[in-house]
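# Coordinate analysis (summary)
Below, each chain spelled out in residue letters.
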Amino acid sequence: MDKINKIWVTPLPADSVYVKTFRLHYIQNGKEKSWDGLKVHDSVSIIIFNTTRKKLVFVKQFRPAVYHSIVTSSGGDVANVDLHKFPIKLGITIEMCAGIVDKNKSWCEIAREEMLEECGYDVPVDQLEEVFSYRSGVGTQGSKQIMYYCEVTDDQKKFLGGGTGDEIIDVVEYSVEEAREMVNRQHNINSPPSCLLGILWFLMNKKRKYC
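Bear in mind that the values here come from a model prediction, so they are computed numbers and not experimental data.

Conventions used here
- Residues numbered from 1 in each chain as written.
- Predicted model: local features only at pLDDT ≥ 70, side-chain atom pairs only at ≥ 80, totals over all residues.
- Heavy atoms only, no water.
- Helix = DSSP H or I, 4+ residues; strand = E, 2+ residues; numbered from the N terminus.
- Contact = heavy atoms within 4.5 Å.
- Patch = residues over 30% accessible without salt bridge, like charges linked within 9 Å, V, L, I, M, F, W, Y side chains within 5 Å.
- Areas by Shrake-Rupley, 256 points an atom, 1.4 Å probe, with all protein chains shown as cover.
- Salt bridge = Lys/Arg side-chain N within 4 Å of Asp/Glu carboxyl O.
- Buried < 20%, exposed > 50% of the residue type's maximum accessible area, 1.4 Å probe, protein only.
- Polar contact = N/O pair within 3.5 Å; in protein donor to acceptor, adjacent residues only side chain to side chain.
- UniProt positions renumbered as here; feature names shortened; annotations may be inferred.
- pLDDT = per-residue confidence, 0-100.

In this section: the environment of L160. By secondary structure assignment, the location of L160 is in the loop between β8 (143-152) and β9 (170-175). As a C-alpha pair, L160 and F22 span 138 residues in sequence and 39 Å in three-dimensional space. Once residues lying within four places of it in the same chain are set aside, the contact partners of L160 are E118, C119 and V171.

Pasting the structure below:
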């Protein structure tokens, strides 16, 4: 995952299937304003708890946008990055299983497929419990994400996971106490807010059932 030895930046092509840039103009209280934003896919995320071993299941992966932000905000040049000063591990995150909504299927079915592809668990759709939906990146994109909760067993683990195509994803498991420590830390955490929110929701709503 961290065996990356060349990085460069190019302008975003207009035909990107993942991100579209726009400038929105509007009049608020009689004053004309504008706002730059991104149009991206909506998405799903899943809090996965393995009841066989009492473990929360997460995914670990390299996120180029996180790495780019860390390097550039620290004064580095991504086009000529010093990989010793800025090791690739800076861009590796711990997240919940998640995926974009880009298929003509129900959101719940897409979540089920993501669990199978990323984490290797094959579960029926009715095993997923919808937690809530919210807006992410409200300053730049405002896309919708629906969070689900799903309890799984070792018997439902059909293969190792790791994603599809050229995805490189590691499946990691944390005990409930290890997950609690993630939201108790007093330093930077390379996890998106949705992951921390999912952990807090589990601790508030499911922990007593198993711990």
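A separate point is a nonpolar patch on the surface. A grouping of F22, L24, Y26 and W35 is seen on the molecular surface, where their side chains present a nonpolar patch of about 400 Å² in accessible area. Counting residues per element, the nonpolar patch draws most heavily on strand β1 (residues 19-28), at 3 residues. Note that Y26 resides in strand β1. Classification of Y26 by relative accessible area gives partly exposed; the value is 31%.

Turning to the side chain of Q145, a few remarks are in order. Mapped onto the elements, Q145 comes out in strand β8. Looking at Q145, its side chain comes within polar contact range of the side chain of S43, at 2.8 Å. In terms of polar contacts, Q145 uses its side chain to reach the side chain of S45, at 3.2 Å. In this view, Q145 contacts S43, V44, S45, F132, S133, Y134 and S194; residues no more than four positions away in its chain are not counted.

Attention shifts here to the UniProt feature "domain: Nudix hydrolase" (unreviewed entry) in the protein. The UniProt record annotates "domain: Nudix hydrolase" (unreviewed entry) at residues 39-197. With 23% helix and 32% strand, the stretch residues 39-197 has end C-alpha atoms that lie 23 Å from each other.

Right, let's get into the side chain of S16. One can find S16 in the segment before β1. Looking at S16, the relative accessible area reads 12%, which means it is buried. Of the polar contacts made by the side chain of S16, one reaches the backbone nitrogen of V19; its length is 3.2 Å.

A few words on the confidence of the model for the protein. Here the protein shows a mean pLDDT of 93. Residues at 70 or above account for 99%. Per-element averaging of pLDDT across the protein places helix α5 (residues 207-210) at the bottom with 70 and strand β3 (residues 43-50) at the top with 98.

At N29, a position not held by glycine, the phi torsion is positive, near 55 degrees. You can see N29 is positioned in the loop between β1 and β2 (31-40). Classification of N29 as exposed rests on a relative accessible area of 80%. The backbone of K54 shows a phi angle near 55 degrees, a positive value even though the residue is not glycine.

Our focus in this paragraph is the pattern of salt bridges. Should their charged atoms come close, side chains of opposite charge can pair. Going through the model one piece at a time under the given rule, you end up with 10 salt bridges. One salt bridge connects D122 with R112, and the closest N-O pair in it is separated by 3.0 Å. On the criterion of sequence distance, the pair formed by D122 in the loop between α2 (107-119) and β7 (128-136) and R112 in helix α2 is long-range, its members being 10 residues apart. A relative accessible area of 34% places D122 in the partly exposed class. Classification of R112 by relative accessible area gives buried; the value is 16%. As a salt-bridge pair, R180 and E177 come within 3.3 Å of each other at their nearest N and O atoms. With a gap of 3 residues between them, R180 and E177 both fall in helix α3 (residues 176-184), about one helical turn apart. Residue class for R180 comes out partly exposed when judged on its relative accessible area of 25%. Owing to a relative accessible area of 48%, E177 belongs among the partly exposed residues under this scheme. Residues joined in a network through salt bridges with shared partners are R53, D154 and E173.

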